[in-house]
Amino acid sequence: MNKTMREILSTSFYLLIVLCATYFIIRFVGQRTIVEGASMEPTLQGTSELDPDKVGDNLIVDKITYRFRDPERFDIIIFPFKYDGKFYIKRVIGLPGETVQIDTNGVIYINGEVLEEGYGKEVIQNPGRAIEPITLGDDEYFVLGDNRNNSSDSRTDAVGNVRREDIIGRAWLRIWPLSRFGILQHQ
């Protein structure tokens, strides 16, 4: 085999290894996603149709953590919207087996107890389907956007409860814009 052929094979092998490693990392370890819309403001900034110059936060999604433990309350998770293939980013509020309810004053109850949290941008104006108690199944989570009055989340039938198997991972690191670079606080 001549030198040129060995170099071609060597380069091809190297590229194959790089492609396999890239696939493995994206599939099982982490992936980049861009926040769209305002449903997680002020925690996460999204792109805006009204302001095309506004750049959404670029995040790295951690796909490993939930292979070893279940999502916890207040984790920011990523899951696919079942109707159009887009990914939604929301905060876990209700855990499997719990009963979630939101009253007309926007107060969130978990198993009849008031949930103490400060993630909501403002008081919930529309409790949606959570006006009635919602008991979560063994593999279901109730999620809300931080911008509670501008979020399509578990209060709507379109999103509903999120099944454990549908959760891709948790938002872990903001990589852009650089002025907001850092690990996201969940708890």
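Coordinates for the structure precede this section.
Thresholds, definitions, all that
Residues numbered from 1 in each chain as written. Predicted model: local features only at pLDDT ≥ 70, side-chain atom pairs only at ≥ 80, totals over all residues. Heavy atoms only, no water. Buried < 20%, exposed > 50% of the residue type's maximum accessible area, 1.4 Å probe, protein only. Helix = DSSP H or I, 4+ residues; strand = E, 2+ residues; numbered from the N terminus. Pairing = 2+ DSSP bridges. Salt bridge = Lys/Arg side-chain N within 4 Å of Asp/Glu carboxyl O. Core = buried A, V, L, I, M, F, W, Y, C linked by side-chain atoms within 4.5 Å. Contact = heavy atoms within 4.5 Å.

## Details of the pairing of strand E4 (residues 87–94)
1) Next: Among the eight residues in E4, seven count as buried, and that is most of the element.
2) Next: Counting the residues that bridge the hairpin from strand E3 (residues 76–80) to E4 gives six residues, and of these Gly85 lies at a positive phi of roughly 80°.
3) Next: Bridge count for E4 against strand E9 (residues 140–144) is three bridges, and the pairing is antiparallel. Paired with Val92 across the bridge in E9 is Val143.

## Remarks on the pattern of salt bridges
1) Next: Within the structure shown, the criterion is met by 13 salt bridges.
2) Next: The partner of Arg170 in a salt bridge is Asp62, with the nearest N and O atoms 3.3 Å apart. Here Arg170, found in strand E11 (residues 169–176), pairs with Asp62, found in strand E2 (residues 58–62); they are 108 residues apart in sequence, far enough to count as distant.
3) Next: Its relative accessible area of 11% is what places Asp62 among the buried residues.
4) Next: Between Asp146 and Arg91 there is a salt bridge, and its shortest N-O distance comes to 2.8 Å. Of this pair, Asp146 sits in the loop between E9 and strand E10 (162–163) while Arg91 sits in strand E4, placing them 55 residues apart in sequence.
5) Next: The exposure class of Asp146 is buried, given its relative accessible area of 0%.

## Let's talk about the nonpolar core
1) Next: Membership of the largest hydrophobic core comes to 14 residues, with the highest contact counts inside it found for Ile93, Ile102, Ile108, Ile110, Leu115, Phe142 and Leu144.
2) Next: Elements represented by at least two residues in this core include exactly strand E5 (99–102), strand E6 (108–110) and E9.
3) Next: Apart from residues lying up to four places away in sequence, Phe142 is in contact with Arg91, Val92, Ile93, Gly94, Val100, Ile102, Ala130, Ile134, Leu136, Ser154, Arg155 and Asn161.
4) Next: If you look at the next biggest cluster of nonpolar residues, it comprises 12 residues, including Tyr66, Tyr88, Val159 and Val162.

## Here's the deal with the environment of Ile76
1) Next: Turning to its location among the elements, Ile76 is positioned in strand E3.
2) Next: A C-alpha to C-alpha distance of 8.7 Å links Ile76 and Leu184, two positions 108 residues apart in sequence.

## Some points on unusual backbone geometry
1) Next: Geometrically, the link from Glu41 to Pro42 is a cis peptide bond, its omega value of 10° lying close to zero.
2) Next: Inspection of the secondary structure puts Pro42 in the loop between strand E1 (30–34) and E2.
3) Next: Note the cis peptide between Trp176 and Pro177, where omega equals 0°.
4) Next: If you check the backbone angles, Phe74 has positive phi at about 80° while not being a glycine.
5) Next: Relative accessible area serves as the criterion here: at 13%, Phe74 is assigned to the buried category.
6) Next: Even without being glycine, Asn111 reaches a positive phi, approximately 50°.

## Some thoughts on the sheet that holds strand E7 (residues 113–114)
1) Next: Strand order in this open sheet of four strands is E7-E6-E5-E8, and the pairing throughout is antiparallel. The two strands at the open ends of the sheet, each matched to only one other strand, are E7 and strand E8 (134–135).
2) Next: Direction of pairing for E5 relative to E8: antiparallel, over a ladder of two bridges. Bridged to Thr99 within E8 is Thr135.

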